[in-house]
Amino acid sequence: MYSLKIIKKNQKIYIKYYLAGKKAYFPTGIHIEDRFWDSKNNQIKKNLNSYSEVNAIINQVFTKVEQLVIKRQAIGEDIEASTIRELITSNKPSRVSLFEFIDNSIAERLAINKTAKAANLLKVKNKLLDYQTNAKVKVDFKDIDINFYYSFYKYFVEQGYSDNYFGSIIQNLKTLLHDAIRRKVTTYESFKHPGFKVIEIETDAVYLTEDELKVLYYLQLNRVLDNCRKAFIIGAYCGLRYSDLKLINETSFKTGVLRYRQQKTGKLVHVPLHTFVLQYLETGLPDVRDLSDFNKNIKKVCKAANINDKVNIVKRIGGKRIETTFEKWQLVSSHSMRRSFATNLHVRGSPSKIIMELTGHTTLKSFEKYLRCTIKEERSNPFNLWK
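What you see is a predicted model, and the numbers here were worked out from it, not measured in a lab. (Residues numbered from 1 in each chain as written. Predicted model: local features only at pLDDT ≥ 70, side-chain atom pairs only at ≥ 80, totals over all residues. Heavy atoms only, no water.)

Colleague: Talk me through the side chain of Asp140; I want residue IDs and the actual numbers.
Modeller: The topology assignment puts Asp140 in the loop between α4 (115–135) and α5 (146–158). The exposure class assigned to Asp140 is buried, which follows from its relative accessible area of 13%. A polar atom in the side chain of Asp140 sits 2.9 Å from the backbone nitrogen of Leu98. (Helix = DSSP H or I, 4+ residues; strand = E, 2+ residues; numbered from the N terminus. Buried < 20%, exposed > 50% of the residue type's maximum accessible area, 1.4 Å probe, protein only. Polar contact = N/O pair within 3.5 Å; in protein donor to acceptor, adjacent residues only side chain to side chain.)

Rendered as structure tokens:
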């Protein structure tokens, strides 16, 4: 009698087929961290955000194997473990489409709680679908060439998207296509054309100076805005992404240091704590939830603090330079936390190498994009973090 089970080996989910002492394993394409796996019941725990989607993919593979076994048993045959893999392979579709591969890649990232990367791929998918509708064409691996690139860019310009946004979509699309080639899902490499490049223009994202952060800290606010201010101050003095801010808890703070593993990079970081953060810990951490609410509320906080210097923002759309003037509070968002952290330490004279260790940046080029100080603000001080 055969048996069929869902199992986990080396953080990968397989369907295990067993018959007469022989066994075969079938990959589901799902990777799962130990903390999301119920080893007693051999199933994914329901505390995984994408529990339903991942379970659906695993069950598809399980059902496929099960149906093949049942069909053979109906005619009085058992399938040997040594031959079932060949039968399953021969029943697979001959080709995976671009959108199928994107969906599978999204599911894989959700399964290991890489929600930010999954969200980036979802943006790529949605923009490709919109482009298909707009241009009245179908897009698959074979269609991603330099002609597609120019047509896709034209669509972005017509929709009023910035060159940087187009560049971010192209960057994630190229990463996806390289992955498809490595996995032998496709052999088309036209996207490697030298003209198929990522457009990137320096952004004018703002940061808050230490004086401005101090004003924020002492500002009298209602309960909702106080909670938002508290989260922003902690993020700005610990160099946190919003995704990391949501995950830290009281156990992350020990003896004046924040210890956490960055969700985006997986890097373990140790950040010495500023006095403001230490004082906040005495009253408990803020309640961090919806990002859109946070971005709306932090603007209200900064407006109340009269952070209203004029800031000129330059965007390029279709290569055209468009300049708009804002008051500074209008531009503050969750991204301003890490930019404030990196820039303020740089202004204090902290070595770039030290700051990069705290932010998780791996190259000086990517780190310097975070710095938002002017030449007048730069000064050379001995390194003394938050002292």
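Now that the structure is up, let's keep going.
Colleague: Give me the lowdown on the packing of α4 against helix α6 (residues 163–182), citing residues and values where you can.
Modeller: Between α4 and α6, whose axes approach to 9 Å, the crossing angle comes to 105°. Between α4 and α6, the interaxial angle falls into the category roughly perpendicular. Each of Asn120, Leu121, Lys123, Val124, Lys127 and Leu128 in α4 lies in contact with α6, whose residues at this interface are Tyr165, Ile169, Asn172, Leu173 and Leu176. When grouped by side-chain class, the residues that make up the contact of α4 with α6 number 7 nonpolar, 2 polar and 2 charged. (Axes fitted to C-alpha atoms, helices over the stretch in contact; angles between N-to-C directions. Parallel < 35°, antiparallel > 145°, perpendicular 65-115°, else oblique. Contact = heavy atoms within 4.5 Å. Nonpolar A, V, L, I, M, F, W, Y, C, P; charged D, E, K, R; others polar.)

Colleague: Break down the nonpolar core for me, with residues and values.
Modeller: Leu208, Leu216, Phe232, Leu240, Leu245, Leu258 and Cys302 are the most contacted members of the largest nonpolar core, which has 47 residues in total. No other element matches helix α8 (residues 223–238), which puts 9 residues into this core. For Leu258, the contacting residues outside a window of four places in its chain are Cys238, Leu240, Ile248, Ser252, Phe253, Val269, His270, Val271 and Leu273. Formed by 32 residues, the second largest nonpolar core is a distinct cluster that contains Leu121, Ile181, Phe196 and Ile199. (Core = buried A, V, L, I, M, F, W, Y, C linked by side-chain atoms within 4.5 Å.)

Colleague: If you had to explain unusual backbone geometry to someone new, which residues and values would you point to?
Modeller: Backbone geometry at Lys136 places phi at a positive 55°, although glycine is not the residue there. Take Lys136: it is sitting in the loop between α4 and α5. Under the relative-accessibility criterion, Lys136 is labelled exposed at 75%. Even without glycine at this site, Asn306 takes up a positive phi of about 60°.

Colleague: Lay out the sheet that holds strand β1 (residues 3–9) with the relevant residues and their values.
Modeller: Strands pair in a sheet through their backbones, by hydrogen bonds, and they do so in one of two ways: parallel or antiparallel. Ordered by their spatial adjacency, 3 strands build an open sheet running β1-β2-β3, and the pairing between neighbours is antiparallel. Each having just a single partner strand, β1 and β3 (22–31) make up the two edges of the open sheet. On average, adjacent strands in this sheet sit at an angle of 25° to one another, irrespective of strand direction. Both strand β2 (residues 12–19) and β3 contribute to a ladder of 7 bridges, which runs antiparallel. By the bridge assignment for β3, Leu19 is matched with Lys22. (Pairing = 2+ DSSP bridges.)

Colleague: Explain α4 to me, and be specific about the residues and the numbers.
Modeller: Here α4 spans 30 Å end to end across 21 residues, near enough to the 30 Å set by a 1.5 Å rise per residue. Among the residues of α4, Ala118, Leu121, Val124, Lys125, Lys127, Leu128, Tyr131 and Gln132 are the ones counted as buried. At its buried positions, α4 is contacted by α3 (98–111), α5 and α6. Just downstream of α4, Lys136 is the residue with a positive phi angle, here 55°. (Expected span 1.5 Å × (residues − 1).)

Colleague: Can you lay out the pairing of β1 for me, pointing to particular residues and giving the numbers?
Modeller: Taken together, the 7 bridges between β1 and β2 define a ladder with antiparallel strand orientation. Residue Lys5 lies in a different strand from β2, and its bridge partner there is Lys16. Counting the residues that bridge the hairpin from β1 to β2 gives 2 residues, and of these Asn10 lies at a positive phi of roughly 50°.

Colleague: Which residues make up the confidence of the model for the chain, and what are the values?
Modeller: In this model, the chain carries an average pLDDT of 82, and 84% of its residues clear a pLDDT of 70 or more. Confidence scores differ between elements of the chain, with helix α2 (residues 81–90) showing the lowest mean pLDDT of 55 and α8 the highest of 96. (pLDDT = per-residue confidence, 0-100.)

Colleague: Before we move on, could you go through the pattern of salt bridges and cite the residues and values that matter?
Modeller: In total, this model carries 14 salt bridges according to the counting rule given. In this structure, the salt-bridge partner of Asp143 is Lys142, at a minimum N-O distance of 3.1 Å. A salt bridge links Lys192 to Glu189; the nearest nitrogen and oxygen atoms lie 3.6 Å apart. Residues joined by salt bridges that share partners form a network here, namely Glu108, Asp179, Arg182 and Arg183. (Salt bridge = Lys/Arg side-chain N within 4 Å of Asp/Glu carboxyl O.)

Colleague: Mind laying out the sheet that holds strand β7 (residues 257–261), listing which residues take part and the relevant values?
Modeller: The sheet built from 3 strands is open, its strands ordered β6-β7-β8 with antiparallel pairing. Only two strands of the sheet have a single partner each, and these edge strands are β6 (253–254) and β8 (268–272). Where β7 meets β8, 5 bridges bridge the pair, whose relative direction is antiparallel. In the strand pairing of β8, Tyr260 is matched with Val269. Sheet contacts for helix α13 (residues 352–359): β7 and β8; angle to β8, the most-contacted strand, approximately 120°.

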